[in-house]
Amino acid sequence: LSPVHVVGGGLAGSEAAWQIARSGVPVVLHEMRPQRKTPAHKTEGLAELVCSNSFRSDDAMNNAVGLLHAEMRRCDSLIMRCGDEHRLPAGGALAVDRDGFSEAVTANLAEHPLVEIRREEVAGLPPEDWDSVILATGPLTSPALAEAIGALGGEDHLAFFDAIAPIVHRESIDFDVAWFQSRYDKGGGKDYINCPLDREQYEAFIDALLNGEKTEFREWEKDTPYFEGCLPIEVMAERGRETLRYGPMKPVGLTDPRSEREAHAVVQLRQDNALGTLFNMVGFQTKLKYGEQLRIFRSIPGLENAEFARLGGLHRNTFINSPKLLDGQLRMKAAPRLRVAGQVTGVEGYVESAAVGLLAGRFAAAERKGEGANPPPPTTALGALLSHITGGAEAETFQPMNINFGLLPPIAPPPGQRKLKKRDRKPALATRALEDLDGWLEPVPAD
Ligand code: FAD
């Protein structure tokens, strides 16, 4: 068999290379460090953790990233195995000794007879005779390759910064206060969820934004361009106390059914996934610290008990508009020999990036062996993440996503119950996910 080429030996590329090799297919892993550095990586190790040393919660029954851990372990994930072997005490989280972890990933790949590691930059589209390639070059993809990916998929579908508005679980919104309505009842009339603020609430909200603690850009992120269309909400507030009321918090064309009047200001939320379980706060991209976001956004009427699938942010990043550019097996529609994995696909986080690498590796290996690659069911965390980036997410407003339970199809409540009890919901989703994953992993019996 000729090799699959994996470009980028980070979290996604290392996992992809492992999955390919363990299925008996040769793989060449191209990593540009140490020849060429990124602004964030400090070592030449594979799967270097550039910032925190945490894989976040390890609780499979109550936390979606914990569920993703469990699923990846069942798929013989190298990232999870090395993470477990180099685990540090961190309560319910999986924290790892970053050097030991990276060294273990590097050694496992270097010692595998089907893996060749080449320390070189792939500075443009891979040569045509690489007929199966996985691009896993991460948020700091080298400029030459990023440019080539942009040219292939269309400049409009490659971003160098993200501008993430917080995303809320629909079921945590208080519909005694919030209501569905599109401005001037346009298009079906009920596309947005609206949360009303009176004058006093609006003024308090502006004060909170102005005084809230913000995160700083890193030195090499300082050239972050603030596009006028997606200014952080606190930067808009700094421009004048009324700016938001004439921007994303404009109340016109919306009637609060409780007062039957226009509110002083309105926060709008727009559907974020095809399942209709997640809604994003329109225009609320922000650099407020996470704790501040929770405090300030929960002061908005209707969002007092909001549960956030992800909080807002603004970072240097490199990602493509996957729902537009990728097929269901992570192949570029414009060049199916190229798969994309990791953060470049618009997922965010070490674990999510490795998870997409795991899938890309399995798909590429199956393809090389002439086997059909069936994707994991959307009821699993792996399948839900894949479905989200390759079709479930709104392409027009696509921004990076963490795994969360809102990406999994809801479970119908038992007869006679309107919805599942809150405490039962996550364990039920996780139990179904693990059962369905086991079914997916089972070899299909021969006829
Ligand atoms: P990476 O792990 O970045 O791997 C990409 C690899 O590709 C790198 O080794 C790079 O050297 C190589 N490469 C790039 N271009 C080329 C090329 N042309 N040819 C060959 N090799 C190339 N996530 C978290 O979960 N927690 C955090 O605390 C966190 N902090 C972060 C801090 C910063 C500053 C950044 C930028 C990101 C952070 N992230 C964090 C997100 C994190 O980068 C990703 O979660 C994860 O590392 C992405 O995995 P990846 O495999 O897609 O990319």
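Residues numbered from 1 in each chain as written. Predicted model: local features only at pLDDT ≥ 70, side-chain atom pairs only at ≥ 80, totals over all residues. Heavy atoms only, no water.

Describing the pairing of strand E12 (residues 265–271)
Right, on to step 1. Summarising burial for E12: five of the seven residues are buried, a large majority.
Right, on to step 2. In terms of strand pairing, strand E11 (residues 192–197) meets E12 through six bridges, oriented antiparallel. Paired with Cys-195 across the two strands is Val-267, which belongs to E12.
Right, on to step 3. The pairing of E12 with strand E13 (residues 278–281) spans three bridges and is classified as antiparallel. Residue pairing across strands places Gln-271 opposite Phe-279, the latter belonging to E13.
Right, on to step 4. Where E12 folds back on E13, the antiparallel hairpin that results is connected by six residues, among which Gly-276 adopts a positive phi of roughly 75°. (Buried < 20%, exposed > 50% of the residue type's maximum accessible area, 1.4 Å probe, protein only. Helix = DSSP H or I, 4+ residues; strand = E, 2+ residues; numbered from the N terminus. Pairing = 2+ DSSP bridges.)

Here we look at the confidence of the model for the protein
A low pLDDT score tells you not to read the predicted coordinates there in detail.
Right, on to step 1. This prediction gives the protein a mean pLDDT of 93; 97% of its residues lie at or above 70.
Right, on to step 2. With a pTM of 0.91, the predicted complex shows an ipTM of 0.99. (pLDDT = per-residue confidence, 0-100.)

What to know about the pattern of salt bridges
Right, on to step 1. Scanning the entire structure with this criterion turns up 28 salt bridges.
Right, on to step 2. In this structure, Arg-56 engages Glu-352 in a salt bridge whose closest nitrogen and oxygen atoms are separated by 2.6 Å. Here Arg-56, found in strand E3 (residues 54–57), pairs with Glu-352, found in helix H10 (residues 350–368); they are 296 residues apart in sequence, far enough to count as distant.
Right, on to step 3. Under the relative-accessibility criterion, Glu-352 is labelled buried at 0%.
Right, on to step 4. Put simply, Asp-58, Arg-73, Asp-84 and Arg-87 are held in one network by salt bridges that share partners. (Salt bridge = Lys/Arg side-chain N within 4 Å of Asp/Glu carboxyl O.)

What to know about the sheet that holds E11
Right, on to step 1. Read from one edge of the open sheet, six strands run E10-E11-E12-E13-E9-E14, paired in antiparallel fashion. In the strand order of this sheet, the two ends are held by strand E10 (179–180) and strand E14 (308–310), each with one partner.
Right, on to step 2. Bridge count for strand E9 (residues 167–169) against E13 is three bridges, and the pairing is antiparallel. What sits directly across from Val-168, in E13, is Phe-279.

Re the packing of helix H1 (residues 11–22) against helix H3 (residues 78–85)
Between two packed helices, what matters for the description is the angle formed by their axes and the separation of those axes.
Right, on to step 1. Running from amino to carboxyl end, H1 crosses H3 at an angle of 110°, the nearest separation of the two axes being 8 Å. What the angle tells us is that H1 and H3 run roughly perpendicular. On H3, the residues touching Leu-11, Ser-14, Glu-15 and Trp-18 of H1 are Leu-78, Ile-79 and Arg-81.
Right, on to step 2. Residue classes in the contact of H1 with H3 are distributed as four nonpolar, one polar and two charged. (Axes fitted to C-alpha atoms, helices over the stretch in contact; angles between N-to-C directions. Parallel < 35°, antiparallel > 145°, perpendicular 65-115°, else oblique. Contact = heavy atoms within 4.5 Å. Nonpolar A, V, L, I, M, F, W, Y, C, P; charged D, E, K, R; others polar.)

A few points about the sheet that holds strand E4 (residues 87–88)
Pairing between the strands of a sheet comes from backbone hydrogen bonds, and it takes one of two forms, parallel or antiparallel.
Right, on to step 1. Taken together, the three strands give an open sheet; going across it, the order is E3-E5-E4, and neighbouring strands pair in antiparallel fashion. Strands with a single pairing partner mark the edges of an open sheet, and in this sheet they are E3 and E4.
Right, on to step 2. Relative to strand E5 (residues 93–96), E3 is paired through two bridges, and the arrangement is antiparallel. Following the sheet pairing, Ser-57 is matched in E5 by Ala-93.
Right, on to step 3. Contacts between H3 and the sheet are confined to E3, E4 and E5, with E5 contributing the most and set at about 80° to the helix.

A closer look at the site of the ligand
Right, on to step 1. The local shell around the ligand holds 33 residues, among which Ala-12, Glu-31, Arg-33, Gly-349 and Tyr-350 are the closest.
Right, on to step 2. Between the ligand and Gly-349, the relevant distance is 3.0 Å, taken from an oxygen atom to a main-chain nitrogen or oxygen of the residue.
Right, on to step 3. Contact with the protein chains hides 92% of the accessible area of the ligand, taken as 970 Å² for the molecule alone.
Right, on to step 4. Counting only elements with at least two residues in the shell around the ligand, the list comes to H1 and H10. (Near = heavy atom within 4 Å. Polar contact = N/O pair within 3.5 Å; in protein donor to acceptor, adjacent residues only side chain to side chain. Areas by Shrake-Rupley, 256 points an atom, 1.4 Å probe, with all protein chains shown as cover.)

Re the packing of H10 against helix H11 (residues 381–392)
Right, on to step 1. It is at 10 Å that the axes of H10 and H11 come closest, and there the two elements cross at 85°. For the element pair H10 / H11, the angle class is roughly perpendicular. Every residue of H11 that contacts H10 at Glu-352, Ala-355, Val-356, Leu-358, Leu-359 and Phe-363 is listed here: Leu-382, Leu-385, Leu-386 and Ile-389.
Right, on to step 2. For the contact of H10 with H11, a count of residues per class yields nine nonpolar, no polar and one charged.

With respect to the side chain of Gln-181
Right, on to step 1. If you trace the backbone, Gln-181 turns up in the loop between E10 and E11.
Right, on to step 2. Accessibility expressed as a relative area gives 9% for Gln-181, which makes it buried.
Right, on to step 3. Not counting residues up to four positions away in its chain, the partners in contact with Gln-181 are Gly-189, Lys-190, Asp-191, Tyr-192, Asn-194, Gly-253, Leu-254, Thr-255 and Gln-268.

Overview of the pairing of strand E2 (residues 27–30)
Right, on to step 1. In E2, alternate side chains face the same way, and those of Val-27 and Leu-29 on one face and Val-28 and His-30 on the other are all buried.
Right, on to step 2. When strand E1 (residues 4–7) meets E2, the two strands line up parallel, connected through four bridges. Note on E2: the bridge partner recorded for Val-6 is Leu-29.
Right, on to step 3. Of the crossover connections in this fold, the one passing from E1 over H1 to the parallel E2 is right-handed.
Right, on to step 4. As paired elements, E2 and strand E6 (residues 115–118) share four bridges and run parallel to each other. Its bridge partner being in E6, Leu-29 is matched across the sheet by Ile-117. (Right-handed = clockwise from strand over helix to strand, strands pointing away.)

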